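Commentary on secondary and tertiary structure
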Amino acid sequence: MLFRSEVGARWAQGDLGIAYEHASTAAVEELLIRCSSTFTPPTGPSIVVACAELDPHALGARAVAAACALDGLRVAFLGPSLPAPDLEEYLEIHRPMAVALSCSVPTALAGGARSIAAAHRAGIPVVGGGSAGWMTAAAMNSNCGGRDHVALYVERSVIGWARDWFGLPAGTGGILVGGTSMAHLLGLGVAQIGRAHV
């Protein structure tokens, strides 16, 4: 993904146009699709990977979908900017083990909240990740081990807001992590452990 970072930096500086950025994204997506489809078809539990409503960037979610497929999960990749009502309908019909939801831009956070609420109404657990969460975590980037720092209060507040937005019970906790991959992998691990104990 260093290649994608370089393309993004050059696009932001005006050295490359949007067509080049889109072409490089398509090339990486094609590579991920080919790599994840050349192995034995997955037979594990099914999951859905999608991007939050109003999030047009799907490459991170595509990478998570490919990694999950290579790990034996049956993945339904539903792409970018999936409207929450459509996600809910799909989940009610297909009943996957979990949804991995990517939110890569802060402007899609409200759409992410609608997508998570839709999954919860369908009774499907959600694993969230993406740059929007990473930006929040990176803004703090504190080493708070064993001390009383403001970043701890910010993290608790953000988690409290998310708990309230999604209608989760009092006492529900969480953690802000520094990247999409970490958030998706952590969430999938929690979902897998939770499913093993059901």
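Chains are numbered independently. Their residues run from 1 in the order of the written sequence. Two thresholds apply to this predicted model, a pLDDT of at least 70 for residue-level local features and 80 or more for giving and counting side-chain atom pairs, whereas whole-chain, interface and lining totals are computed over all residues. As a convention, hydrogens and water are excluded, and side-chain values are obtained from all of the structure's heavy atoms.

Examining the environment of Phe77
- Only DSSP runs of H or I reaching four residues or more are called helices, and only runs of E reaching two or more are called strands; each is numbered from the N terminus. Among the secondary structure elements, Phe77 is positioned in strand E2 (residues 74–79).
- Separated by 19 residues in sequence, Phe77 and Ala58 have C-alpha atoms that sit 9.7 Å apart.

Notes on the environment of Ser102
- For Ser102, the position within the fold is in strand E3 (residues 98–102).
- A sequence separation of 29 residues divides Ser102 from Ser131, and the C-alpha atoms of the two residues are 8.2 Å apart.

Considerations on the pattern of salt bridges
- The term salt bridge refers to a side-chain nitrogen of Lys or Arg lying within 4 Å of a carboxyl oxygen of Asp or Glu. The tally for this structure, following the rule as stated, stands at two salt bridges.
- The partner of Glu53 in a salt bridge is Arg114, and the shortest N-O contact between them spans 3.3 Å. Residue Glu53 is located in the loop between strand E1 (46–51) and helix H3 (59–70), and its partner Arg114 is located in helix H5 (residues 109–121); the two are separated by 61 residues in the primary sequence.
- A relative accessible area of 37% means that Arg114 is categorised as partly exposed.
- Between Glu88 and Arg121 there is a salt bridge, with its nearest N and O atoms 2.9 Å apart. Taken together, the residues Glu88 in helix H4 (residues 84–94) and Arg121 in helix H5 connect sequence positions 33 residues apart.
- Judged by its relative accessible area of 53%, Arg121 falls in the exposed class. Accessible area is worked out with a 1.4 Å probe on protein chains only. A residue is then buried under 20% of its type maximum, exposed over 50%, and partly exposed in between.

Some details on the nonpolar core
- Core analysis: the biggest nonpolar cluster contains 18 residues, and Val48, Leu87, Leu91, Val99, Leu101 and Ile124 have the highest contact counts within it.
- Put simply, the parts of the chain that give this core at least two residues each are E1, H4, E3 and H5.
- When residues in this core are grouped by element, the largest group, three residues, is from H5.
- Ignoring anything within four residues of it in the chain, the contact list for Leu91 reads Val48, Pro96, Val99, Ala119, Ala122 and Ile124.
- Among the nonpolar cores identified, the runner-up in size contains 13 residues, and Val49, Ala58, Val64 and Cys68 belong to it. The term nonpolar core refers to a set of buried residues drawn from Ala, Val, Leu, Ile, Met, Phe, Trp, Tyr and Cys, joined through side-chain atoms within 4.5 Å. Contact definition: two residues touch when any of their heavy atoms are within 4.5 Å.

Thoughts on the sheet that holds strand E4 (residues 126–129)
- Taking strand neighbours across the sheet as the criterion, the four strands line up as E2-E1-E3-E4 in an open arrangement whose pairing is parallel. Only two strands of the sheet have a single partner each, and these edge strands are E2 and E4. Direction aside, the axes of adjacent strands within the sheet are offset by 20° on average.
- Summarising the sheet, E1 and E2 pair through five bridges and their orientation is parallel. Residue pairing across strands places Val49 opposite Phe77, the latter belonging to E2.
- Note on definitions: angles span 0 to 180 degrees between N-to-C directions of axes, and those axes are lines fitted to C-alpha atoms, for helices only across the stretch in contact. Against the sheet, H3 makes contact with E1, E2 and E3, and its axis sits at roughly 170° relative to E2, the strand it touches most.
- Across the sheet, H5 lies against E3 and E4, angled at about 175° from E3, the strand it touches most. Only strands joined by at least two bridges in the DSSP assignment are considered to pair.

Describing the environment of Ala191
- Inspection of the secondary structure assignment puts Ala191 in helix H8 (residues 180–196).
- Separated by 64 residues in sequence, Ala191 and Val127 have C-alpha atoms that sit 7.8 Å apart.

What about H5?
- Between the first and last residue of a helix there are one fewer steps than residues, each counted as 1.5 Å, and that sum is the expected span. Here H5 contains 13 residues, and its C-alpha end-to-end distance of 18 Å stays within 8% of the 18 Å for a straight helix at 1.5 Å per residue.
- Along H5, the residues that are buried comprise Gly111, Gly112, Ala113, Ser115, Ile116, Ala118 and Ala119.
- Count one or two residues on from H5 and you reach Gly123, which has phi positive near 80°.

Observations regarding the side chain of Glu53
- Its relative accessible area of 16% is what places Glu53 among the buried residues.
- Non-local contacts of Glu53, meaning those with residues more than four positions away in its chain, are made with Ser81, Leu82, Pro83, Ala84, Pro85, Ala108, Gly111, Gly112, Arg114 and Ser115.

A word on unusual backbone geometry
- One non-glycine residue, Ser81, lies in positive phi territory at about 45°.
- With respect to the element layout, Ser81 can be found in the loop between E2 and H4.
- A positive phi angle, close to 50°, is found at Arg95, a residue other than glycine.
- When its relative accessible area of 44% is taken as the criterion, Arg95 is described as partly exposed.

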